[in-house]
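Coordinates in review
Each chain is listed here by its residues.
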Amino acid sequence: GGDGGGADDDEVRDLAAAGDSSGFRRRVRKSSDRNLRDVSRHVPPYMHAREVRLLFRMGDPVGVLSSSRGYLDRGHRDRLLDVSSGFGGDGPDGGEGEEGEEDAVSRRSGLRRRLEAEAEAEAWALRSCWDVRTSASGYFPSLDRDAVDRPSRASAGADAAEEREAARCLAELLEFAILRLMRLGDLALLIKALEDEGEGASGTDELPKAVNPIRRATSERPADTLRPWEPWRELRGKDERGGKRGDNGGGGDGGADGEGRSGGNWPAVLSPSSAPSWLLSALAGPSPYESLYLELAEAAAHLNRRAGRHRLASRLEDHRAEVLMARGDHAAACRVLSSNAFGACARDQWTRAHYWRIFRLACCQRRGDDVLAYLETLTQSFDPKLRGVAPGRTAGLFQRDLEALVADSAVADPRWGAFPFLETELSIDGGGGGVGRRDRTSQPLPFLRRKLTKHVCSVGERLEFTLRINSHLPRPISVNGVRLYLVTLERYERVYRRDSVVAEDDAFRILNLDAPIEIQPGENEFRFGWRPMTVASYVLATVEIQWKEAGFFYDSALLRRPMIGLDVRPSEPTQTIELNPLFLIPGHVQNVRLVFHSGSDIITEGVVRLVCSDGLQVVPPNTDAAGLDGAWGDECVIPLEACGPGKKIVITTLVKSSTVRQPDGGGGEGGGDDDDDDAAAASGDGGGGGVQTMEARVETRYRQESYTSVMEEGEEPESEPMSTILEAMVTTLDRPGGGG
């Protein structure tokens, strides 16, 4: 729009805005020299309209946006120069020296007209930027968050690179619009100050110190950080007594103080005929003014993200959050900060900016009712990457709040993950040797895309697990307990294949440290002891640290450390057997004595099998003499009773040897080629035969010697006994019938 009036001026303005070449030139030719000076100010919009028309014909909508950005910047600058030249160089401070009442009124009137003229220039730039943004949504619908599925009016779909460039141009337009809005707020407050001065609200030489609410909220030091920090427990107590948090006290400015927000309505600074209704409404007072800023900033942040300018988007989101906090809308501020605190600055390792965002998120959350979110933010603030930039006093205040939060019953139910304020590391030692001397095996875990390193040990072996906890808190803490979850590999795979996490019911064994446990700042070392009694493969799955009401779970599958497991194998049996005599006399009935020693093992059950070769027979022990003839057999099975370590069991029975009948191996068909067998048969008088043997096989199921003492503690699950087989053999002294 232009500044002139009259039908002629309106006609020229419309011709220029339409880019009507023939009409505009015809109107210029008809103008007098004086009117040419008025027409000249319509030349820039005419040239811009012609350029835009050409760019559209070339199919370059991004070029239209870039051209519009430059045109609006130049037009805004020209309008401000016109205001400066039209009203002279006097600024809001006015002239110097004494002045009468009429002079003061005249000065205020002239100054107000100047401020209103400047406001018209700012409003023109602001509404023009928004008009361009609204028009562009038809050509780039995917850039509009509220109208993603709206069909494009462009003749051809924009590719990704073109959309990124369009997003960049639009983001710059909206950032320019935000600057214009902030200046409009300044002008509105200056005009309000002039009105207050005229009503005698202050002296004639000084305007009231009204501060733009956006500038104050986005200043280097937000207002709430200038007040003493109030502990979270005291804020919680005020809320329980009915004093709703959010207006005063560390963490939020609520906008209650008159210094930060100019209360009441603002005076009209724009003519209703020259500004859209939405802009007039926004300049009616602080609240609608902030609402328009929030809308522009949100749109600009979204476009910057689409353009790949994440840091600029993050800065705008910070400003939005500060304004929301100043308005007392902590829930909305938390939503903005939660998505922004761990964004671009965290990824790019801008640790100082990252810590500031976490600090502001904490300040906001402590004013609300979301205890769980505040606890998570506090634990993240002690990340070791941020230690170099975190002020010691702030860390101390955060720990005090953290200690109060973990004592709150609201934090008891969630399963808290591995937060960085404590770091854990596990290793395994064994009896008689360190980790380096223990055999290891590796096993891939495809369901986790990780590798498990299993340390080999045997049942009953004394194991020690070393847990190192690195605390990044500035002061020591006392925790209720530390537990280590051991899960069988089979159960562990089932848990993670169903997309779950290890729970207490999944653990085969949970190792505990006795409370209270003091964790000092820096490195701490704790040890767990265990004697495994069950043969299986285990995973050192989870470390649980119970701090008051909160339980923090450090799952090995989620940590960036090697996964450690155990391969528990059966212990070496210490049982022995003795079989006497050393040999059997052919053709005789003899006593055979088997002695079983349990060694250090606990025998739960067993069986003795005596198996004889051809020519030998055996009877069960304690067989009556009268029944011997019918009791002889080739095999005898004798139950072995259960016994403890150091026990001896003696089994005595009878064995008899007889002549082995050989088949006729004469020159018959199929038997004449076995020369070795014929020679063996010819060596004895009684028909000959091979050496006769009796084999004793003892099969036992046993437990390791420490099983009883371990089970008495009541913590180890019942396990299946191990099994082993012991064998011994006795032979005849010579072939039966060998000439004796």
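Residues numbered from 1 in each chain as written. Predicted model: local features only at pLDDT ≥ 70, side-chain atom pairs only at ≥ 80, totals over all residues. Heavy atoms only, no water.

1. Some remarks on the pattern of salt bridges
Close approach of charged atoms allows side chains with opposite charge to pair. Taken as a whole and judged by the stated rule, the model has 41 salt bridges. Between Glu317 and Arg320 there is a salt bridge whose closest N-O contact spans 2.7 Å. Residue Glu317 and its partner Arg320 are located together in helix α12 (residues 310-326), separated by three residues, close to a single helical turn. Three or more residues joined by partner-sharing salt bridges are found here, namely Glu165, Arg168, Glu172, Glu175 and Arg309. (Salt bridge = Lys/Arg side-chain N within 4 Å of Asp/Glu carboxyl O. Helix = DSSP H or I, 4+ residues; strand = E, 2+ residues; numbered from the N terminus.)

2. Thoughts on the sheet that holds strand β21 (residues 722-732)
Read across the sheet, five strands follow the order β14-β21-β20-β16-β18 without closing on themselves; strand pairing throughout is mixed. Only two strands of the sheet have a single neighbouring strand rather than two, namely β14 (583-584) and β18 (635-640). Relative to β21, strand β20 (residues 693-703) runs antiparallel, the two sharing 10 bridges. Bridged to Thr700 within β21 is Thr724. (Pairing = 2+ DSSP bridges.)

3. Concerning the packing of aromatic side chains
The tally for this structure, following the rule as stated, stands at 16 aromatic pairs. On the basis of an interplanar angle of 50 degrees and a centroid distance of 5.9 Å, the ring pair of Trp416 and Phe419 is categorised as tilted. An aromatic cluster of at least three residues, connected via ring pairs, comprises Trp416, Phe419, Phe421, Trp547 and Phe552. Positioned above the aromatic ring of Phe176 is the side chain of Arg69, whose terminal nitrogen or guanidinium carbon lies 4.7 Å from the ring centre. (Phe/Tyr/Trp six-rings, centres within 6.5 Å; stacked < 30°, edge-to-face > 60°. Lys NZ or Arg CZ within 6 Å of the ring centre and 35° of its normal.)

4. Some details on α12
For α12, with 17 residues, the first-to-last C-alpha span of 24 Å sits near the 24 Å given by 1.5 Å per residue. Of all 17 residues making up α12, 12 are buried, and the element is well covered by its neighbours. Note on α12: the residue one or two positions beyond its end, Gly328, has a positive phi of about 85 degrees. (Expected span 1.5 Å × (residues − 1). Buried < 20%, exposed > 50% of the residue type's maximum accessible area, 1.4 Å probe, protein only.)

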